[in-house]
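Below are the chains, spelled out letter by letter.
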Amino acid sequence: GENVEQHPSTLSVQEGDSAVIKCTYSDSASNYFPWYKQELGKRPQLIIDIRSNVGEKKDQRIAVTLNKTAKHFSLHITETQPEDSAVYFCAATLFSGGYNKLIFGAGTRLAVHP
Amino acid sequence: DTEVTQTPKHLVMGMTNKKSLKCEQHMGHRAMYWYKQKAKKPPELMFVYSYEKLSINESVPSRFSPECPNSSLLNLHLHALQPEDSALYLCASSHGAGNTGELFFGEGSRLTVL
């Protein structure tokens, strides 16, 4: 089955620095790769997603890149701010039993220090 | 209305109790999901309903029984749970049933089994 590995598990940066989180997936048929942010005690919320026909997508300070050949995708946050502190989950689709399922990575706890 | 509403927010139950978790969305979404999230772990898929029919059951023990009374409501009936079932139970919905679009999560129901 699909396996999504996410690194690092924790990341600490100074305000204004960039943060990069990387994920690899195993199913070459995966075609949808979302990133979710979960603040402490809150629900996961989609921050950006990318589909397999696109190599890069940007939304203000957030960007995602996808390398289908290597089967990895990355989240880039520039000019980090304290409110970026949260757990970030990557995910990839797995087509199994006639249905798509989202498989989540283990998560990265990002701490942005003022 | 762009929210998924879950009740109750907190639930404490004994191993012999029967209780239910409820989820509601009025976004016209055709797929609804139950996820289980343990502390410091990613959401783990339990069930998926597509067009009010159960499409995915991730081999969840029968002490968890999902129900989708209509396209806006999703219930999770709980019976004879174990302490290890204590977790945050997240409901989510998505526009399409293909699991390749944004998941809208509720705030979750935090369950404690004594």
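Just so we're clear, the structure is a prediction, and the values are computed from it rather than from any experiment.

### Observations concerning the overall build of chain A
Regarding its fold elements, chain A presents 0 helices and 11 strands. Along chain A, helices (α) and strands (β) appear in the sequence β-β-β-β-β-β-β-β-β-β-β when read from the amino end. A compact globule built from 114 residues should have a C-alpha radius of gyration of about 13 Å, and chain A, at 14 Å, falls within 12% of that. Dimensions of chain A, computed from C-alpha atoms along their principal axes, come out at roughly 45 × 30 × 20 Å. Relative to its full complement of 114 residues, chain A shows a buried share of 46%. Total accessible area computed for chain A in this model is approximately 5700 Å², and 47% of it derives from carbon and sulfur atoms.

### What about the environment of Asn70(B)?
All names here are of chain B. Mapping asparagine 70 onto the fold places it in strand S7 (residues 64-70). Of the residues examined, asparagine 70 reaches a relative accessible area of 31% and is grouped as partly exposed. Expressed as a C-alpha distance, the spacing of asparagine 70 and threonine 100, which sit 30 residues apart in the sequence, is 22 Å. Here the side chain of asparagine 70 touches serine 72 through a polar contact of 2.8 Å, landing on its backbone nitrogen.

### A word on the state of the cysteines
Throughout the structure, instances matching the rule amount to 2 disulfides over all chains. Across a sulfur-sulfur distance of 2.0 Å, Cys23(A) and Cys90(A) are joined as a disulfide pair. Taking the torsion about the S-S bond as the criterion, the Cys23(A) to Cys90(A) disulfide, at about -100 degrees, is left-handed. Residue Cys23(A) is located in strand S3 (residues 19-25), and its partner Cys90(A) is located in strand S9 (residues 86-96); the two are separated by 67 residues in the primary sequence. For the residue pair Cys23(A) and Cys90(A), the accessibility class agrees, reading buried in each case. Here Cys23(B) pairs with Cys91(B) through a disulfide, and the sulfurs are 1.9 Å apart. Because the sign of the S-S torsion sets the handedness, a value of about -70 degrees for the bond joining Cys23(B) and Cys91(B) places this disulfide among the left-handed ones. On the criterion of sequence distance, the pair formed by Cys23(B) in strand S3 (residues 18-25) and Cys91(B) in strand S9 (residues 87-94) is long-range, its members being 68 residues apart. For the pair shown, Cys23(B) and Cys91(B) are each scored as buried. With no disulfide of its own, Cys68(B) lies 9.3 Å from the sulfur of Cys91(B), the closest cysteine sulfur.

### Some thoughts on the interface of chain B and chain A
Listed as interface residues are 22 residues of chain B and, on the opposing side, 20 residues of chain A. Interface of chain B and chain A: buried area, both sides summed, is about 1800 Å²; carbon and sulfur atoms make up 54% of it. In this assembly, chain B and chain A are joined by 3 salt bridges. At the surface where chain B touches chain A, the tally comes to 5 residue pairs in polar contact (both at pLDDT 80 or more). Residues belonging to the side of chain B that touches chain A are distributed by class as follows: 9 nonpolar, 7 polar and 6 charged.

### Concerning unusual backbone geometry
Omega for the bond connecting His7(A) with Pro8(A) falls within 30 degrees of zero, at -5 degrees, which places this linkage in the cis form. Mapping Pro8(A) onto the fold places it in the loop between strand S1 (4-7) and strand S2 (10-14). In this structure, the amide linkage connecting Thr7(B) to the following residue, Pro8(B), adopts the cis form with an omega of -5 degrees. Within the secondary structure layout, Pro8(B) lies in the loop between strand S1 (4-7) and strand S2 (10-13).

How each quantity is defined
Along each chain, residue indices are assigned from 1 in the same order as the chain's sequence is written. To read the labels, note that chains go from A and ligands from 1, taken in the order they are written. Only residues with pLDDT of at least 70 are given local features in this predicted model, and only at 80 or more are side-chain atom pairs given and counted; all residues enter the totals for whole chains, interfaces and linings. Side-chain measures here rest on the full set of heavy atoms in the structure, leaving out hydrogens and waters. Only DSSP runs of H or I with at least four residues qualify as helices, and only runs of E with at least two residues qualify as strands; both kinds are numbered from the N terminus onward. Here the globule rule reads 2.2 Å times residues to the power 0.38, and the radius of gyration is calculated from C-alpha atoms. The rule is simple: take the accessible area with a 1.4 Å probe, protein chains only, and divide by the maximum for that residue type; under 20% is buried, over 50% is exposed, in between is partly exposed. Only the protein chains shown count as cover for residues, and the accessible areas themselves come from Shrake-Rupley with a 1.4 Å probe. Pairs of N or O atoms within 3.5 Å make up the polar contacts considered here, provided that, within protein, one atom can donate a hydrogen while the other can accept it, and that residues adjacent in sequence are counted only when both atoms are side-chain atoms. Sulfur atoms of two cysteines make up a disulfide when they are within 2.5 Å. The contact definition used throughout considers only heavy atoms, calling two residues in contact when any of these lie within 4.5 Å. Joining two parts hides part of their accessible area as seen by a 1.4 Å probe, and the buried area is that hidden amount summed over both. Every case where a carboxyl oxygen of Asp or Glu lies within 4 Å of a side-chain nitrogen of Lys or Arg is listed as a salt bridge. Under this grouping Gly is polar, as are all residues other than the nonpolar Ala, Val, Leu, Ile, Met, Phe, Trp, Tyr, Cys and Pro and the charged Asp, Glu, Lys and Arg.

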